[in-house]
Amino acid sequence: MSAPVTGTPAALPEELAAPERTGHRGSALVHRLFVVRELGILAALVLLVVVTVVANPRFLSGQNVRDLLLSAAILTVLAAGQTMVIVTRNVDLSVGSVLGLSAYATGTLLVVAPGTPVVVAVLAGTAVGAVCGLLNGLVVAAAGVPSLVVTLGTLYAFRGLDSLWASSADRLQINAADLPSGFKALGGARLLGVPVLFLVAVAVVLLVGWYLRTFRSGRELYGIGSAPEAARLSGIPVGRRVLTAFVVNGALAGLAGVLYAARFQTLDTTAGTGQELFVVAAAVVGGVAIFGGSGSVYGAALGALLLTTIGTALPQLGLDPFWRDAAVGALILAAIALDRALQLRLAARLRGRNARRDR
Amino acid sequence: MDHASSSAPGRVVLALEDVGKSFGAVAALRGAQLELHAGEAHALVGENGAGKSTLVKILAGVHGPDTGRVLLDGQPVTLTDPAAARAAGIAVIYQEPTLFPDLSVAENIFMGRQPLLPGRRIDRRTLGRRCRELFDRLGVALDPDRPARGLSIADQQMVEIAKALSFDARVLVMDEPTAALSGVEVERLFAVARSLRDSGAAVLFISHRFDEVFDLCDRITVMRDGQWVSTDLARDLTVDQVVRRMVGREVSSLFPKIDVEPGEVVLEVRGLTRRGVFADVSFDVRAGEIVALAGLVGAGRSEIVRAVFGVDPYDAGSVRVGGEELRRGDPAAAMAAGIALVPEDRRQQGLVMELSVERNATLTRRWELARGGLLSSRAERAQAAEWSRKLQVKAGKLSDPVSTLSGGNQQKVVLAKWLSTEPRVLIVDEPTRGIDVGTKSEVHRLLSELAAGGLAVVMVSSELPEVLGMADRVLVVSEGRLVDDIPRARADEDSVMLAATGQGGTRAGAAR
Ligand SMILES: Nc1ncnc2c1ncn2[C@@H]1O[C@H](COP(=O)(O)OP(=O)(O)OP(=O)(O)O)[C@@H](O)[C@H]1O
Ligand SMILES: [Mg+2]
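Chain B has the name Monosaccharide ABC transporter ATP-binding protein (CUT2 family) in an unreviewed UniProt entry, where Geodermatophilus tzadiensis is given as its organism. You can read under Subcellular location (unreviewed entry) in the UniProt record for chain B the words "Cell membrane".

An unreviewed UniProt entry annotates chain A as Autoinducer 2 import system permease protein LsrC of Geodermatophilus tzadiensis. Annotation of chain A in UniProt includes, under Subunit (unreviewed entry), the sentence "The complex is composed of two ATP-binding proteins (LsrA), two transmembrane proteins (LsrC and LsrD) and a solute-binding protein (LsrB)." Under Subcellular location (unreviewed entry), UniProt gives the following word-for-word description of chain A: "Cell membrane".

Structural data, given as structure tokens:
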């Protein structure tokens, strides 16, 4: 009549009666699932690299890897900022345009005043981005317009501003020859063989990750995305926090613009076009929930690295660039499926836990 | 009854004077007033929709009053937002849990107030320790590090209580904190509330359970239709007086149970087991019978009925309706076989908060109401109107979204939704949670009548009077097992509580 019982039913009552033993299993379980999530991306990355190296041993040559890390650096910085916005249940689609504007502004500054110290140029580009982020954030937080709509608008507005500026200044393109050598050196600079731009990206990721985990305001960002109404009821200054997330994201997009200028050194008004969706894809692949409240910046960074690697690996495998898009698409779907599966497992495990309370 | 330190007519800490608040055309409050003294436990009672939660939200800084004043220590204050109320020393437990599902239980409790290390960094070790201390005080065995997602409604409530206690507030406001709890947890909560009161805090307590109101509170304020009716010392009042003031008329006997000769077995549960949750659960329910599942919160009662209905899986055992075995984990099959489940957590499982009252009420039987594949909104509206009338749903319009209803009225909509499917087996999980006296006896009468008409009813309830008043048989669940099967004649408070706490119960086999 009944299905065979797996496990030992006799052991059940003790288990039920011993809630203190479940004490640390809950956290361990959650922790494990997150690690699983990030290990999943890492595994995909390793697999991809191995396959590519088998097909083309030169893939792991020093220069090739350095190029890869340089490209990944820009996307990673963008993904770190985007994560902060997405965990609050918002999104910033304007980052590609902000990157373009900041890159062009930095380039112009260096052309007009070639003596500008590199540090000042970096700060200037970042500040341009922060101002763009402030605009986005103000409209979202104060006017209560959905961020998807606001940043879709500013995506075009910032790009338009960029073009307008370039044509009115009659400087449609900035070439490497126009830029001071001190700045250009930044693009190729290495520390212990690792490109400095990549180290900058790593530093950004660690900083943002540390902030989100260790500070009250960082935790509040997760709270806002997890349950906006509860956040309001518990006295979290929702508007101010969301505004901050947008400003920081804008600033990081501005920084990414400077990195772009330093790496490519040829700037026109199309820089960064289409990056916004690539960034969101990186975050989603990295396990950042698009409805906010969960996900880590480390996952997003791994996602960015994975997407960049696909972009460089597929041509080396002799595949059409079309396959890159298909691969990215498949990856996003796989990531969503994985998240869902993990979530269901977690839910099942936690529900079983409910009954295990004493008294 | 023990009314404790009724000799404490302390200072007035917090007062509302002639407060009015409207939502569009609905006047939720008009001329409400309240005075909270230091060192008193004060009850606020009133029917569903009387405006109690609206008043709480004004104290909490969520809503600003349209008219009237809020006085703190005799000074008028404007509580612009929840943070301002919190800064003024007012801690609130809302009627609906307000947790962050993705964050850990400990973070939920201390959000925005996490203990800090130098450099304003969160001190996670202290955070966990303080959370465990709170839980020890409340006697809760929850893991501080688990996420809040998936907590049972009672556990969510305990987390909310822990959160409010962590404030060391001068005013503690509790909006139906006990609705999801059973006796033991309520006692613990009251012990903590009494010690707060004795240390000089003011406690405002809202509940539809009068035994609790009289047990805890020194004074009682009654509201009706958004208006203040009376404030008196609890010891000068009787339950009947309070009820009459609330309702404005006499209320008939509370549990009009009709005696029915049970028919044949409709629902057969055999050896149902879900590892780590419940084990070897067997029982029968006959047509016309009301069977109650009693036990402590967390004993596994909700989990058992969820598995029977198929929303949760089980590892072994079988469920039969009218002799036909149900596929496990398939609620659609259960519904087709004639089972209906009114779930415990209306927000997550019972209602679509953004949809209108009528949409929600007819959500489960839309196909029958459709004509030629098109939903006939007239039929839908007629159905909704009929059930809303039977259950006395108080809503502005039936086309209003459910989210704007008072807590008790939302519960009525969930009931309407499932009763309208005309099931053979009705499973109700805490059917009268948060429902006021008048309607509660309506719901009981309805259940009783449905049973008399041949329906088999399984009722999970933490309210002992409800269990004893309604059930033909009481099945007692303790730690995931059925420990006793008590017929109506032998069921009383002692026999059920003894079995539930694992001290009584001689039941050997399963259903008879
Ligand atoms: N945000 C809102 N929008 C529209 N109407 C509302 C809103 N909040 C409350 N109401 C209405 O105000 C009235 C009072 O609701 P309230 O929640 O204060 O009742 P209550 O006394 O707490 O009832 P219960 O015992 O059922 O919890 C109800 O008629 C409700 O529909
Ligand atoms: Mg209420």
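Participant: I keep staring at the coordination of the magnesium ion (ligand 2) and nothing clicks. Help me out?
Facilitator: As a benchmark, a tetrahedral metal site with four donors has ideal angles of 109.5 degrees, while an octahedral site with six donors has ideal angles of 90 or 180 degrees. All names here are of chain B. Protein coordination at the magnesium ion (ligand 2) comes from Ser53 (OG) and Gln95 (OE1), with a distance range of 1.9 to 2.1 Å. In this pair, Ser53 sits in helix H1 (residues 52–59) while Gln95 sits in the loop between strand S6 (90–93) and helix H3 (105–110), placing the two residues 42 residues apart along the sequence. In this structure Ser53 comes out as partly exposed when scored by relative accessible area, which is 22%. Residue class for Gln95 comes out buried when judged on its relative accessible area of 13%.

Participant: Looking at this structure, I do not really get the pattern of salt bridges. What am I missing?
Facilitator: Side chains bearing opposite charge may pair, as long as their charged atoms lie close to each other. The tally for this structure, following the rule as stated, stands at 28 salt bridges over all chains. Its salt-bridge partner being Glu220(A), residue Arg241(A) comes within 2.6 Å of it at the nearest N-O pair. Of this pair, Arg241(A) sits in helix H12 (residues 238–264) while Glu220(A) sits in helix H10 (residues 216–226), and the two are 21 residues apart along the sequence. Residue Arg241(A) is classed as buried on the basis of its relative accessible area, which comes to 17%. Overall, the relative accessible area of 6% leaves Glu220(A) in the buried class. Put simply, Glu212(B) and Arg209(B) hold a salt bridge, and the shortest N to O gap is 2.9 Å. For Glu212(B), a relative accessible area of 6% gives the class buried. Of the residues examined, Arg209(B) reaches a relative accessible area of 11% and is grouped as buried. The network of salt bridges with shared partners includes Arg209(B), Glu212(B), Lys440(B) and Glu463(B).

Scoring rules and cut-offs
Residues numbered from 1 in each chain as written. Chains lettered and ligands numbered in written order. Predicted model: local features only at pLDDT ≥ 70, side-chain atom pairs only at ≥ 80, totals over all residues. Heavy atoms only, no water. UniProt positions renumbered as here; feature names shortened; annotations may be inferred. Donors = N, O, S within 2.8 Å, 3.2 Å for Na, K, Ca; no water. Helix = DSSP H or I, 4+ residues; strand = E, 2+ residues; numbered from the N terminus. Buried < 20%, exposed > 50% of the residue type's maximum accessible area, 1.4 Å probe, protein only. Salt bridge = Lys/Arg side-chain N within 4 Å of Asp/Glu carboxyl O.

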